[in-house]
Amino acid sequence: MANEEKSTAPRAKVYILDVAVVLLALLLAVCLWQKNNIAYFFEADTTQKAYSVTFVIENVRYDTTKTLAEGTKIYVMTDKGQAELGTLQDAPDVLPRLSTAQTATGAVSVLMPQTDPQRFVDLSGTFVCRGVLRDATLVLPSLSLAVNTTLVVQTEYNNLLLRVVSITENM
């Protein structure tokens, strides 16, 4: 028995590269399936609900407020082009801008003059959009919004920097 014959039967060897290729193929299949699920998710109007998104726009000229009225459409740029974000529910509220001046005794905040049409103001308002709320994030067909999200939006006449303050479901 000193000369044992080694088994010449084919033996399956599993290499790390083989396992990686199989896992990659499985991951690709799951991604494709999930992509189709998300596309269907936004096609079915029954899953989407109307939401009110409260926002703040800071440091804009007072004249800009004249172009923002109830029903104004808000758009956002995506990698596929311009997409509608929502519609203004009401004309935004005008909040006077605070100006800070340094004095000998310390910093003092004062309101900007109310008579100058070129003065800068802050705006607070609400727009309505349709989407799905998941984990405090409003998922829209073009993007996702959460509280404190800042994004550049467009209207017919303006480009504005908008910050989301709250998201509530319309009843």
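Rules behind the numbers
The numbering scheme is per chain: residues are counted from 1 as the chain's sequence reads. Note on the predicted model: pLDDT of at least 70 is required for a residue's local features to be given, and 80 or more for side-chain atom pairs to be given and counted; whole-chain, interface and lining totals, by contrast, use all residues. As a rule here, side-chain values come from all non-hydrogen atoms in the structure, and water together with hydrogens is ignored. Helix numbering and strand numbering both begin at the N terminus, where a helix is a DSSP run of H or I of at least 4 residues and a strand a DSSP run of E of at least 2. Residue exposure (1.4 Å probe, protein chains only): buried if accessible area is under 20% of the type maximum, exposed if over 50%, otherwise partly exposed. Residue contacts are defined here by distance: any two heavy atoms, one from each residue, within 4.5 Å place the two residues in contact. Note on definitions: salt bridges are taken to be side-chain nitrogens of Lys or Arg within 4 Å of carboxyl oxygens of Asp or Glu. Any N or O atom pair separated by 3.5 Å or less is treated as a polar contact, with the protein-specific requirement of one donor-capable and one acceptor-capable atom, and with residues adjacent in sequence counted only for side-chain atom pairs. Residues forming no salt bridge and having over 30% relative accessible area are the ones grouped into patches, like charges within 9 Å of each other and nonpolar side chains (Val, Leu, Ile, Met, Phe, Trp, Tyr) within 5 Å. The accessible surface values rely on the Shrake-Rupley method and a 1.4 Å probe; as for residues, cover is taken only from the protein chains in view.

Novice: Where do I start with the overall build of the protein chain in this structure?
Specialist: What the protein chain contains, in helices and strands, is 1 helix and 11 strands. Reading the secondary structure of the protein chain in the N-to-C direction produces α-β-β-β-β-β-β-β-β-β-β-β. For the protein chain, buried positions account for 26% of its 171 residues. The contacts in the protein chain between residues at least 6 apart in sequence include a share of 65% that link residues at least 24 apart.

Novice: Even after reading the chapter, I still don't get unusual backbone geometry, so can you show me in this structure?
Specialist: Backbone phi values are negative for most residues with the exception of glycine, while trans is the configuration of most peptide bonds. With a phi angle near 65 degrees, A136 is a residue other than glycine that sits in the positive phi range. A positive phi angle, close to 75 degrees, is found at N148, a residue other than glycine. Considering the arrangement of structural elements, one finds N148 in the loop between β9 (144-146) and β10 (150-154).

Novice: Any chance you could explain the pattern of salt bridges here in plain terms?
Specialist: Between side chains of opposite charge, pairing is possible as soon as their charged atoms come close. Counted according to the given criterion, the structure contains 4 salt bridges. Across the pair E169 and K49 runs a salt bridge whose closest N-O atoms are separated by 3.8 Å. Residue E169 is located in strand β11 (residues 159-169), and its partner K49 is located in strand β1 (residues 49-61); the two are separated by 120 residues in the primary sequence. Between K66 and D63 there is a salt bridge, and its shortest N-O distance comes to 3.7 Å. Look at D63 and you get partly exposed, because its relative accessible area is 28%.

Novice: Teacher, can you tell me more about the side chain of S52 here?
Specialist: In this structure, S52 sits in strand β1. Among the residues examined, S52 registers a relative accessible area of 7% and is labelled buried. Of note is the side chain of S52, whose polar atom sits 2.4 Å from the side chain of N170. Each residue touching S52, except ones within four places of it in the same chain, is listed here: Q89, T126, F127, V128, S166, I167, T168 and N170.

Novice: Sorry, what's going on with the side chain of T64 here?
Specialist: Looking at the element boundaries, T64 is found in the loop between β1 and β2 (73-78). Beyond its immediate chain neighbours, meaning those up to four positions away, T64 contacts N158 and L160.

Novice: I tried to follow a nonpolar patch on the surface on my own but got confused; where do I start?
Specialist: There is a patch of nonpolar side chains on the surface, built from V19, V22, L23 and L26 and spanning about 360 Å² of accessible area. Mapped onto the elements, V19 comes out in helix α1 (residues 16-43). For V19, a relative accessible area of 40% puts it in the partly exposed group.

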